[in-house]
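Chain residues, written in single-letter form:
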Amino acid sequence: RVIPDLVTCLEALDYPAEQLQILFAIEADDHSTLVAARAAVHPDRIDILAIPPIGPRTKPKALNYALKFATGSLIAVYDAEDAPHPSQLKAAAARLAADGRLGCVQAPLSWYNGPDNWLTRQFQLEYAVQFAAVLPLLARFNMPLPLGGTSNVFRRDALVACGAWDPFNVTEDADLGFRMARYGWRAGMIGPGTQEEAPITLTAWQAQRSRWLKGHLVSWLVQMRDPAGLARTAG
């Protein structure tokens, strides 16, 4: 159901078409989504990748697979329900070009269904604090950023040097933010944001929040294998 809206949003991006490659990463056995995607996209503008059903069935595994087919020097990640601001990629490219120490920039995230109910309003408040206060403060002091799961734009060289995404970590974004810092790369924020769809039921919220907590715990355990090295390399 979201594919037509996603195609519309991506085709509205204000970026030179000849310099923009769009890849849809879809599980190979998700037949209905593959059929819908092939019916909705123009093959000259969007490539569809069927992710082999091997290894962990996670988003970071799919991202690592898609990275093998990506040809650009900058890599952007979006979720299926995202509505990025049309100027987001230009802002990211300009910021990365202006600062060679930046390995990644994060766009602020918000919810287009924030007013739906009490739960979505709490999400809206939480994201306002996270992306308008906490992450900009960390970036200002050159501290590692626990990246959001979408609307990050990476310098490809930095991404590859850090080993790309951990396919076994379900908060691959936060994990990668700290790993990039340990490899000497900084992360920054840009202005043009992305709107997403917030969970509207407690069941959906619980599934998402438990995944976040599990992934953050795993990230902490991995980084704390060498606390002294973490402090020395990431600050």
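Each value, and the rule that gives it
- Residues numbered from 1 in each chain as written.
- Predicted model: local features only at pLDDT ≥ 70, side-chain atom pairs only at ≥ 80, totals over all residues.
- Heavy atoms only, no water.
- Buried < 20%, exposed > 50% of the residue type's maximum accessible area, 1.4 Å probe, protein only.
- Helix = DSSP H or I, 4+ residues; strand = E, 2+ residues; numbered from the N terminus.
- Arc of directions from axis to C-beta.
- Contact = heavy atoms within 4.5 Å.
- Core = buried A, V, L, I, M, F, W, Y, C linked by side-chain atoms within 4.5 Å.
- Pairing = 2+ DSSP bridges.
- Patch = residues over 30% accessible without salt bridge, like charges linked within 9 Å, V, L, I, M, F, W, Y side chains within 5 Å.
- Areas by Shrake-Rupley, 256 points an atom, 1.4 Å probe, with all protein chains shown as cover.
- Salt bridge = Lys/Arg side-chain N within 4 Å of Asp/Glu carboxyl O.
- Polar contact = N/O pair within 3.5 Å; in protein donor to acceptor, adjacent residues only side chain to side chain.
- Phe/Tyr/Trp six-rings, centres within 6.5 Å; stacked < 30°, edge-to-face > 60°.

Chemist: What should I look at first to understand helix α4 (residues 88–98) in this one?
Modeler: Turn by turn, an α-helix covers 3.6 residues, leaving residues three or four places apart pointing in a common direction. Among the residues of α4, Q88, L89, A92, A93 and L96 are the ones counted as buried. Axial view of α4: buried residues confined to an arc of 130°, hence all on one face. Of the exposed residues in α4, those oriented more than 90 degrees away from the buried face are A97 and A98. Summarising the contacts, the buried residues of α4 are in contact with β3 (74–77), β4 (83–84), β5 (102–106), β7 (152–155) and β9 (194–196).

Chemist: Looking at this structure, how should I read the nonpolar core?
Modeler: Nonpolar side chains tend to gather and get buried jointly when the protein is soluble and globular. Residues L145, F154, L159, W165, L176 and M180 are the most contacted members of the largest nonpolar core, which totals 29 residues. Here this core takes seven residues from helix α5 (residues 118–140), the largest share from any one element. Of all hydrophobic cores here, the second largest spans 20 residues; its members include I3, A37, L102 and V105.

Chemist: Whenever I open this one, unusual backbone geometry confuses me. Can you help?
Modeler: The phi torsion of most residues other than glycine is negative, and most of the peptide bonds are trans. Phi angles above zero are rare outside glycine, and N142 is one such case at about 55°. Residue A164 is not a glycine yet carries a positive backbone phi of 60°.

Chemist: Is there a simple way to explain the sheet that holds strand β6 (residues 109–111) in this structure?
Modeler: The strands making up a sheet are joined through hydrogen bonds of the backbone, oriented either antiparallel or parallel. The strand order across the open sheet built from three strands is β4-β9-β6, with neighbouring strands paired in mixed fashion. The open sheet terminates on both sides in strands that have one partner only, identified here as β4 and β6. Note: β6 against β9, three bridges, orientation parallel. Each bridged residue has a counterpart across the sheet, and for S110 the counterpart in β9 is Q195.

Chemist: Would you mind showing me how to read a nonpolar patch on the surface here?
Modeler: A contiguous nonpolar surface patch, about 410 Å² in accessible area, is contributed by L217, W220, L221 and M224. Its location among the elements puts M224 in the loop between α8 (202–223) and α9 (227–234). On the accessibility criterion, M224 (32% relative accessible area) is partly exposed.

Chemist: In this structure, what is going on with the side chain of R179? I would like to understand it.
Modeler: Position of R179 relative to the elements: it lies in helix α7 (residues 172–182). You can call R179 buried: its relative accessible area is 15%. Within the structure, R179 has its side chain in polar contact with the backbone oxygen of A164 (distance 2.8 Å). Beyond its immediate sequence surroundings of up to four residues, R179 is in contact with C162, G163, A164, W165, D166 and Q223.

Chemist: I keep staring at the packing of aromatic side chains and nothing clicks. Help me out?
Modeler: Given two aromatic rings, their pairing is described by the distance between the two centres and the angle made by the two planes. Overall, the coordinates contain five aromatic pairs when judged by the stated rule. Consider the rings of W111 and Y127, whose centres lie 4.5 Å apart with planes at 40°: the pair is tilted. With a gap of 16 residues between them, W111 in strand β6 and Y127 in helix α5 connect regions that are remote in the sequence. For Y127, a relative accessible area of 10% corresponds to the buried category. Each residue in the set W111, F123, Y127 and F131 is aromatic and connected to the rest through ring pairs, giving one cluster.

Chemist: I would appreciate a short explanation of the pairing of strand β8 (residues 186–189) in the present structure.
Modeler: In regular strands, side chains alternate between the two faces of the sheet. Side chains R186 and G188 project from β8 onto one buried face, and the interleaved A187 and M189 project onto a second face that is buried too. With four bridges connecting them, β5 and β8 associate as parallel partners. Its bridge partner being in β8, L102 is matched across the sheet by R186.

What is shown is where atoms sit, not what they do.
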